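Here are the chains, one letter per residue:
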Amino acid sequence: MASIAAKEFKQMAGRFTSDLRHRGLIQKALAGYYVKRDENKHRYESWAGARQMASEIKFEAINHLDKYLVEFADKIGARGTQVCWAPDAAAARDYILKVATDNNVKSIIKSKSMTTEEIHLNDALEERGFGVFESDLGEYIVQLRHEPPYHLVFPAMHLTRGDISDLFQKELGSQPTDSPEELTMIARDVMRKKFCEADMGISGANFAIAETGMISITENEGNARLTTSLPRIHIAILGIEKMLPRLEDLALFLPMLATAGAGQHLTGYNTMYGGPRQPGEIDGPEQFHVVLIDNRRTEILADPEQRDALHCIRCGACLNVCPIFKNVGGHSYGTTYQGPIGSVITPHLRGLQNWKHLSAASSLCGACTEACPVKIDLHHHLLHNRRNAAKEKPVWWERIGFRGFVTLMSHPALFKFSVAMGRIGQIFHPLVKGTPFDPLKAWTATRDFPNLAPKSFREQWEERKKKS
């Protein structure tokens, strides 16, 4: 029986694929990305070589994660940072709630972080009475709409200027406009006040550097710098897979993240954070907390076949080239991480049987693997998930179907007979096409089923032998 998540995915995917306006918006947005991405890839002496080097660095980091995590925690802790080791989402939420409660926090500002989305942090904070405000413009827009981010990098890519103008008019009382600059200034007027009022700033991290004990945050708006610097408390939450061994590794990963993720040469703001305000410094938070979250990542680490899924730098490149994502959209997935990478890791993070449908929602074209800047074998991992799900909990009718297929293909006479019956069946198929009696209804609902060839290859081969 299909899980609730699978049924919701099928329902939403059907709705979004029928919405030509929605599909047009996504394809138009990505068309510009492809041009800039390819332009900046050509700046590299060898993009393939850069991908290989990035893959090897992440391989080193992930396969020696025990060493690099301890090194990072020791060095950042030595500068006064409080490090929390969170085994799961509940532990991470509880720690952050405790810090907020103990410090009498009233208002919280938050920069873009998919990890906080993963653990549903906003909901937990709001349930306890804490006001949480998203400072990233795209995240702020979807927060006003009471919906999750649409894309790993572009949270509001499914909306037009008109949609945003209508939203701001309704929620903020602004005047209608289709000017991006005016829309940005409307949001900025609200955000500036929130920055000044906030007691606590929460961020994610793009990378964590073991060698120096610092986190790296990359952004285009400067909101993360304000989020992490103005409030008296800064909490950074990151998955344990964000480790890089050395500071010099950023020389490769920062431009690669910008190119693969947004088609940029380099992201606008790249900042390192290594602790709370030190003696003699005039700004920065009084407290700095780093929450290192596992949340079943070590289960992926324990699987040598799919361990490289932890190499992901959350650039979103695989989403941008995926034909499924471009048609069903980000919200259809019903999970924090969309697209191919989400379809690979979500069954690990949230349960294989309930989320195995995501691994089946793929054309297996391999575009995601080719686009991945750290060379994760994405389309093969989708096959691995399908195999593991079938092995863990076989579906009886699938077993019967495959056994029947084996029997059919193992007996030439039976195969020949089935081809003959197929030709007869296709004559009468139009009588039931599209009805509940159509055995091919799932296919013929949206396309025509191809007719069998007048003569099979075997029949043509036998005719050729007779002539010779």
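Check the entry above for the structure.
What you are looking at is a predicted structure, and each value in this text was computed from that prediction instead of being measured.

A. Quick look at the environment of R145. With respect to the element layout, R145 can be found in the loop between α8 (137–144) and α9 (161–172). In this structure the C-alpha to C-alpha distance between R145 and L167, which are 22 residues apart in sequence, comes to 7.6 Å. Excluding residues within four positions of it along the chain, R145 makes contact with H158, L159 and L167. Here E147 takes part through its side chain, which lies 3.0 Å from a polar atom of the side chain of R145.

B. Molecular detail of a nonpolar patch on the surface. Where nonpolar side chains cluster on the molecular surface, the patch consists of L414, F417, M421, I424, I427, F428 and L431 and spans about 730 Å² of accessible area. The residue I424 is located in helix α21 (residues 412–428) in this model. Since its relative accessible area comes to 41%, I424 is described here as partly exposed.

C. Summary view of the pattern of salt bridges. A complete count under the given rule lists 19 salt bridges for this structure. Put simply, R232 and D199 hold a salt bridge, and the shortest N to O gap is 3.9 Å. Highlighted residues: R232 in the loop between α11 (223–229) and β7 (233–239) and D199 in the loop between α10 (180–197) and β4 (200–203), separated in sequence by 33 residues. For R232, a relative accessible area of 28% gives the class partly exposed. A salt bridge links D249 to R246; the nearest nitrogen and oxygen atoms lie 3.5 Å apart. Overall, the relative accessible area of 25% leaves R246 in the partly exposed class. A single network of salt bridges, built from pairs that share partners, joins E60, R246, E248 and D249.

D. How the structure looks around helix α16 (residues 339–350). Between its first and last C-alpha, α16 extends 16 Å over twelve residues, near the 16 Å set by a 1.5 Å rise per residue. Of all the twelve residues making up α16, eleven are buried; the element is thus mostly covered by neighbouring parts of the structure. Backbone geometry just after α16 places G351 at a positive phi near 115°.

E. Broad picture of the sheet that holds strand β3 (residues 131–134). Taken together, six strands build an open sheet; the order of strands is β1-β10-β7-β4-β2-β3 and the sheet is parallel. Each of the sheet's edge strands pairs with one partner strand only, and the pair in question is β1 (82–86) and β3. On average, each strand axis in the sheet is tilted by 20° relative to the strand beside it, whichever way the strands run. In this sheet, β3 lies alongside strand β2 (residues 107–110) in parallel orientation, the contact comprising four bridges. By the bridge assignment, S107 is partnered in β3 with G131.

What counts, and at which threshold
- Residues numbered from 1 in each chain as written.
- Predicted model: local features only at pLDDT ≥ 70, side-chain atom pairs only at ≥ 80, totals over all residues.
- Heavy atoms only, no water.
- Helix = DSSP H or I, 4+ residues; strand = E, 2+ residues; numbered from the N terminus.
- Contact = heavy atoms within 4.5 Å.
- Polar contact = N/O pair within 3.5 Å; in protein donor to acceptor, adjacent residues only side chain to side chain.
- Patch = residues over 30% accessible without salt bridge, like charges linked within 9 Å, V, L, I, M, F, W, Y side chains within 5 Å.
- Areas by Shrake-Rupley, 256 points an atom, 1.4 Å probe, with all protein chains shown as cover.
- Salt bridge = Lys/Arg side-chain N within 4 Å of Asp/Glu carboxyl O.
- Buried < 20%, exposed > 50% of the residue type's maximum accessible area, 1.4 Å probe, protein only.
- Expected span 1.5 Å × (residues − 1).
- Pairing = 2+ DSSP bridges.
- Axes fitted to C-alpha atoms, helices over the stretch in contact; angles between N-to-C directions.

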